[in-house]
Amino acid sequence: MNSMKRFGLMLLALVFATAGVHAQDDELDSFDWEDVEEDFDNTDPYYAVAGGFTTTLHFGNFDDVSGMLAQVLPDEGDISSPMVMTGWEVVLALGFVENLRVGYSSMSGTDIHEGSVQITPAGSEPVTVDRRFQYSTDFQGPVVDYAVQLSNDFAVLPGLGLYFGSMQINASQSSGDRSFDGEFDFSADNLNNYRLLEASHISIGLSLDIEYIVTDFAMIRVNGGYMLNMTTGDWETDRIVSPVSDAPGFDTSGLTVQGGIFVGLFN
């Protein structure tokens, strides 16, 4: 009897195994690679509501600024390129126009040089003074991108931005200890001086973003682009509305490389 039971169990196992193999053969016969390709191409429309922090390297031409630096600190060298710029950006894509994204971007950078210089005032002995030179610039304005999705996680976005900004040059000289009362004695012939020059500019930014959605709430970006200077306004000095004549061009054009981390909602 036991041998009959064992034989029956073995027979049932063989039947089920044969049925399973037959069923798998039917599935293999009906398998179509085109179904897989359709699923791979079936990405969701781009969606994003987010904000983040960016770091940008601006490979601009700083020759004109370096010429002014040489007047203040002759032995300091040139303004370094690229300039490191930090900033932020907000992006919005709600699907009203599929894969179109709008946003607002802001970035700024500063280059500072300090040193001591020996000068000889008229009718005086040589004296050592401390000098400081600072150049800063910023870009801010609306941006428009179009998302080309490689998958639900990866997207490539060519973009265009219109940036408004300003440039500032600060130069100061101090002879050491100073009297508070003497700070507002404009008639005094002393060794303490300060200059502030400012000018506005308008630029167009061309960019190509490569973005990876880490989770539904976080995204990382790398970006390459070019900032094209369109116009530079008149230079004004010491916050007085009076143009400075014979100012160099100070072109803000140059290549840019950017990285960013964003948080929000993504598809």
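Just above, that's the structure.
Residues numbered from 1 in each chain as written. Predicted model: local features only at pLDDT ≥ 70, side-chain atom pairs only at ≥ 80, totals over all residues. Heavy atoms only, no water.

J.: Please set out unusual backbone geometry residue by residue, giving values where relevant.
T.: Here the amide bond leading from Ser 81 into Pro 82 is cis, since omega sits at 10°, within 30 degrees of zero. Although it is not a glycine, Asn 99 sits at a positive phi angle of roughly 70°. Considering the arrangement of structural elements, one finds Asn 99 in the loop between strand S2 (83–93) and strand S3 (100–119). (Helix = DSSP H or I, 4+ residues; strand = E, 2+ residues; numbered from the N terminus.)

J.: I'd like a rundown of the layout of surface pockets, residues and numbers included.
T.: Taken as a whole, the second largest pocket spans an internal volume of roughly 240 Å³. Looking at the second largest pocket, it is lined by 14 residues, and the ones nearest its centre are Gln 71, Val 72, Ala 171, Ser 172 and Arg 195. When residues of the lining of the second largest pocket are traced back to their parent elements, those giving at least two are helix H3 (63–72), strand S4 (127–146), strand S6 (154–174) and strand S7 (193–215). Examining the composition of the lining of the second largest pocket, we find that five residues originate from one element, S6, more than from any other. (1 Å grid on protein atoms, 1.4 Å probe; cavity = no way out; pocket = protein on both sides within 12 Å on 5 of 7 lines; lining within 4 Å. Points joined across faces, edges and corners; volume = space filled by probe spheres on them.)

J.: With reference to specific residues and values, describe the side chain of Ser 66.
T.: Relative to the helices and strands, Ser 66 is located in helix H3. By relative accessible area, which is 7% here, Ser 66 ends up buried. With sequence-adjacent residues up to four places away left out, Ser 66 is seen in contact with Asp 78 and Ile 79. (Buried < 20%, exposed > 50% of the residue type's maximum accessible area, 1.4 Å probe, protein only. Contact = heavy atoms within 4.5 Å.)

J.: Tell me about the side chain of Glu 89, and please be specific about residues and values.
T.: Counting through the fold element by element, Glu 89 comes out in strand S2. When near neighbours in sequence (up to four residues on either side) are disregarded, Glu 89 contacts Ala 50, Gly 51, Gly 52, Tyr 104, Ser 105, Val 143, Arg 221, Gln 258 and Phe 262.

J.: Any details on H3? Residues and values, ideally.
T.: Where H3 is concerned, the buried positions are Val 65, Ser 66, Leu 69 and Val 72. Angularly, the buried residues of H3 cover 110° about the axis, an arc narrow enough to put them on a single face. More than 90 degrees from the buried face of H3, the exposed residues found are Asp 63 and Gln 71. Where the residues of H3 are buried, they touch S3, S4 and S6. (Arc of directions from axis to C-beta.)

J.: Mind laying out the pairing of S6, listing which residues take part and the relevant values?
T.: The pairing of S4 with S6 spans 14 bridges and is antiparallel. Residue pairing across strands places Asp 130 opposite Ser 174, the latter belonging to S6. Strand direction decides the pairing type here: strand S5 (residues 148–149) and S6, joined by two bridges, are antiparallel. Across the sheet, Val 148 pairs through a bridge with Val 156, a residue of S6. Between S5 and the antiparallel strand that follows it, S6, lie four residues. Inspection of the sheet shows S6 paired to S7 by 20 bridges, in the antiparallel sense. Residue pairing across strands places Ser 166 opposite Ser 200, the latter belonging to S7. (Pairing = 2+ DSSP bridges.)

Everything listed here is a matter of geometry and, on its own, says nothing about what the molecule does.
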